[in-house]
Amino acid sequence: AQQPGTPLSDQEYRQFFRPLRATRRASTACLLRALYGCQNPLVQRLDEYENHGVIPEGPICSELPGTPFFPDFCTFSFYRCIRKRYFIKV
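Residues numbered from 1 in each chain as written. Predicted model: local features only at pLDDT ≥ 70, side-chain atom pairs only at ≥ 80, totals over all residues. Heavy atoms only, no water.

1. Comments concerning the packing of aromatic side chains
Then step 1. Here the structure, examined in full by the defined rule, presents three aromatic pairs.
Then step 2. With centroids separated by 5.8 Å and ring planes inclined at 55°, the aromatic side chains of F73 and F76 adopt a geometry described as tilted. Placement of the pair is F73 and F76 together in helix 4 (residues 73–83), with a separation of three residues, close to one helical turn.
Then step 3. We classify F76 as buried; its relative accessible area is 2%.
Then step 4. Pairwise contacts between aromatic rings join F70, F73, F76 and Y79 into one cluster. (Phe/Tyr/Trp six-rings, centres within 6.5 Å; stacked < 30°, edge-to-face > 60°. Helix = DSSP H or I, 4+ residues; strand = E, 2+ residues; numbered from the N terminus. Buried < 20%, exposed > 50% of the residue type's maximum accessible area, 1.4 Å probe, protein only.)

Listed below in structure tokens is the structure:
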């Protein structure tokens, strides 16, 4: 079992994003995030699920060129939505 707060494994990510694979569905999740913010219970449940039950606190490290870290998971998630890179895992 993974430690709480760690990202999903590649296989877990495939399963997690399977219902969101259609870009339309992923963009809908992003719209919910944009409208209601990261404090929304549904958005928080998705974030917790994506990170083994705990939303990571503090900076989120990134291997993305020009974006070495994000101040928190919410900012990282907004970045994915804005860039339409719904399925990146860092």
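2. Things to note about the state of the cysteines
Then step 1. The final tally for this structure, using the stated rule, is two disulfides.
Then step 2. The disulfide that involves C30 links it to C81, with 2.0 Å between the sulfurs. Between C30 and C81 the sulfur-sulfur dihedral comes to about -80°; the bridge is accordingly left-handed. Of the two residues, C30 is situated in helix 2 (residues 23–36) and C81 in helix 4; the sequence distance between them amounts to 51 residues. One exposure class covers both C30 and C81, and it is buried.
Then step 3. Note on cysteine connectivity: C38 is disulfide-linked to C74, with sulfurs 1.8 Å apart. (Disulfide = S-S within 2.5 Å.)

3. Overview of the pairing of strand 2 (residues 67–70)
Then step 1. Sheet analysis places strand 1 (residues 60–64) next to strand 2, joined by three bridges and oriented antiparallel. By the bridge assignment for strand 2, I60 is matched with F70.
Then step 2. Taking the residues between adjacent antiparallel strands as the criterion, strand 1 and strand 2 are bridged by two residues, where G66 takes a positive phi near 80°. (Pairing = 2+ DSSP bridges.)

4. Quick word on the pattern of salt bridges
Then step 1. Within the structure shown, the criterion is met by two salt bridges.
Then step 2. Ionic pairing is found between R33 and D47, a salt bridge with its closest N-O pair at 2.5 Å. In this pair, R33 is assigned in helix 2 and D47 in helix 3 (residues 41–50), connecting sequence segments 14 residues apart. Note on accessibility: R33 and D47 belong to one class, buried.
Then step 3. The salt bridge partner of R80 is E50, with a shortest N-O separation of 2.7 Å. A residue pair is termed long-range when its members are at least 10 positions apart, and R80 in helix 4 and E50 in helix 3 qualify at 30 residues. Both residues of the pair, R80 and E50, belong to the buried class. (Salt bridge = Lys/Arg side-chain N within 4 Å of Asp/Glu carboxyl O.)

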